[in-house]
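Coordinate inspection notes
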Amino acid sequence: MPTEEFARRIETLLAQLGNRQDPQTGAVTVPIYYSTTFSHPAAGKSTGYDYSRMANPTRGVLESAIANLEGGTRGFAFSSGMAAVNCVLGLFAPGDHLIVSDDLYGGTYRLFEQVLAPIGVACSYVDMANLESVEAAIRPNTKALFIETPTNPMMKITDIAACVRLVKDREIITIVDNTFMTPFYQRPLELGADIVVHSATKFLGGHNDVLAGLVAVKDDALAKRIGFLQNATGAVLGPQDCFLLLRGMKTLALRMERSSNSALSIARWLGGQPSVRRVYYPTLEGHQGRDVHCRQATGGGGMVAFEVTDARLVPKILDGVSLITFAESLGGVESLITYPATQTHADIPQEVRERVGVNDRLLRLSVGIEHPDDLVMDLEQALSGV
Ligand SMILES: *Cc1c(COP(=O)(O)O)cnc(C)c1O
């Protein structure tokens, strides 16, 4: 990170990630330190590195990068987004209660329901777009809000600052999964949230080639506790993957801008198609919560969800696309199309899914960096065959 006093813009910080981190050699890209252990200069002395689970120089560069980008004080890197979420959930104990977005990543729901609930940490799933429902869900033992905004895949918008205001005097912390927006578009810590989690596998990495999770916090006591949990539970990111992630993050600004611009034009185009009933995109005209989103984020991101008029169209569209790849995941340079009902959200019971809108007519696009006209043409020919 630059040492100059003036604040650099985020595009600049991103492009420079890993530079000036190795004064010994002047390496411009961060070196990959594979050493698991580090020699001690003398009895009772340490270079700052003892054993790589506790701290690794390559990982350290990535961890301070995410802290800096999110406006936090410390960052932590994990072997996957789920490992990051799981580590943060180590803050809670049996008897605690969490309030969680009712439409969220299927793997996070599975972790809450099938791992946390059996050990006595209860969750209430709430439409966080509605502050009264959040307030009504608060119990004496509520310890945290867990927010996704926009949600996956319905793009529901939660007012982060308003949620923070609601809970901050009650010793309830606010955790935001910022995977969809990345710090390029949205910085929850600056809006008052306590913890940001990421599946860095998605937009941060950006190339569908590294599985990783990141956490950023601003409070020192919380940072210490998460640092303890990261080392105690051990799902840290390996040095090669830290390098790959940093390499991907250097182009985050360019990728996010391209994906967002294309996603908005694709969302508008989809809205005019007779076989499309509804389109969900955070900055699309008429999208519910658009004003809140535009207040707390500076872009719409690369994800678009749309509902077709008949479930029988779904397999035809999935077979019909030839440029866009039918695959799970999101946030890479290659555009993907996903069928949440059977893929990302298959672990959520059907009635729960349907209630939040994840029905069997819903498709989700992760818009990559291809030429937007080629993406529209691919969708056009897939939809024209139905
Ligand atoms: C993918 C994803 C996760 C899980 O991350 P992994 O890296 O796949 O473990 C969590 N939250 C959101 C919003 C995601 O999209």
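Further up the page is the structure itself.
1. Section: helix α2 (residues 57-69)
In a regular helix each residue adds 1.5 Å, so 13 residues correspond to 18 Å; α2 covers 18 Å between its end C-alpha atoms and thus fits that length. Looking only at α2, the buried set comprises P57, T58, R59, V61, L62, E63, A65, I66, A67 and L69. For α2, the N-terminal capping position is held by N56, with its side-chain oxygen 2.9 Å away from the main-chain nitrogen of T58. Looking one or two residues beyond α2, the residue adopting positive phi is G71, at roughly 75 degrees.

2. Side note on the sheet that holds strand β3 (residues 122-126)
Across a sheet, paired strands are connected by hydrogen bonds in the backbone, their directions being either parallel or antiparallel. The strand order across the open sheet built from 7 strands is β1-β7-β6-β5-β4-β2-β3, with neighbouring strands paired in mixed fashion. For this open sheet the edge positions go to β1 (74-78) and β3, each flanked by a neighbour on one side alone. When the angles between neighbouring strand axes are averaged without regard to direction, this sheet yields 20 degrees. By the bridge criterion, 3 bridges tie strand β5 (residues 173-177) to strand β6 (residues 195-199) in an arrangement that is parallel.

3. Remarks on the nonpolar core
In terms of nonpolar packing, the biggest core is built from 40 residues, with L14, L62, F184, L204, L214 and L245 touching the most fellow members. At the level of secondary structure, the elements contributing two or more residues to this core comprise α1 (10-15), α2, α7 (182-185), α9 (239-249), α10 (252-271) and β9 (303-308). Each of two domains, domain 1 (10-249) and domain 2 (252-384), supplies a minimum of three residues to this core. Residues in contact with L245, not counting those within four places in the same chain, are L62, A200, L204, G205, V210, A212, L214 and L237. Grouped together as the second largest cluster of nonpolar side chains are 32 residues, F92, V215, L229 and I348 included.

4. Focus on the site of the ligand
The environment of the ligand is formed by 13 residues, the closest being G81, D177, S199, T201 and K202. Take G81: an N or O atom from its main chain is 2.8 Å from an oxygen atom of the ligand. Between the ligand and M82, the relevant distance is 2.9 Å, taken from an oxygen atom to a main-chain nitrogen or oxygen of the residue. Its free accessible area being 380 Å², the ligand has 93% of it covered by the protein chains. For the shell around the ligand, the residue count by class is 5 nonpolar, 6 polar and 2 charged.

5. A closer look at the packing of α2 against α9
Relative placement of two packed helices is described by the angle separating their axes and the distance separating the axes. Closest axis-to-axis distance for the α2/α9 pair is 8 Å, and the angle between their directions is 40 degrees. Note on packing geometry: the crossing formed by α2 with α9 is left-handed. Residues T58, R59, V61, L62, A65 and L69 of α2 form the contact with α9, whose participating residues are P239, C242, F243, L245, L246 and M249. For the contact of α2 with α9, the per-class residue count stands at 10 nonpolar, 1 polar and 1 charged.

6. Let's talk about the pairing of strand β12 (residues 362-366)
Counting buried residues along β12, 5 of its 5 residues qualify, which places the element largely inside the surrounding structure. Here β12 shows a buried face lined by L362, R364 and S366 and a second buried face lined by L363 and L365. Sheet analysis places β9 next to β12, joined by 5 bridges and oriented antiparallel. The residue bridging M303 from the neighbouring strand is S366, located in β12. Looking at chain direction, strand β11 (residues 336-338) and β12 are connected through 3 bridges and run antiparallel. If you follow L336 over to β12, its bridge partner there is S366.

About the criteria used
- Residues numbered from 1 in each chain as written.
- Predicted model: local features only at pLDDT ≥ 70, side-chain atom pairs only at ≥ 80, totals over all residues.
- Heavy atoms only, no water.
- Helix = DSSP H or I, 4+ residues; strand = E, 2+ residues; numbered from the N terminus.
- Expected span 1.5 Å × (residues − 1).
- Buried < 20%, exposed > 50% of the residue type's maximum accessible area, 1.4 Å probe, protein only.
- Polar contact = N/O pair within 3.5 Å; in protein donor to acceptor, adjacent residues only side chain to side chain.
- Pairing = 2+ DSSP bridges.
- Axes fitted to C-alpha atoms, helices over the stretch in contact; angles between N-to-C directions.
- Core = buried A, V, L, I, M, F, W, Y, C linked by side-chain atoms within 4.5 Å.
- Domains from an automatic or database assignment.
- Contact = heavy atoms within 4.5 Å.
- Near = heavy atom within 4 Å.
- Areas by Shrake-Rupley, 256 points an atom, 1.4 Å probe, with all protein chains shown as cover.
- Nonpolar A, V, L, I, M, F, W, Y, C, P; charged D, E, K, R; others polar.
- Left-handed = near helix turned anticlockwise from the far one by under 90°.

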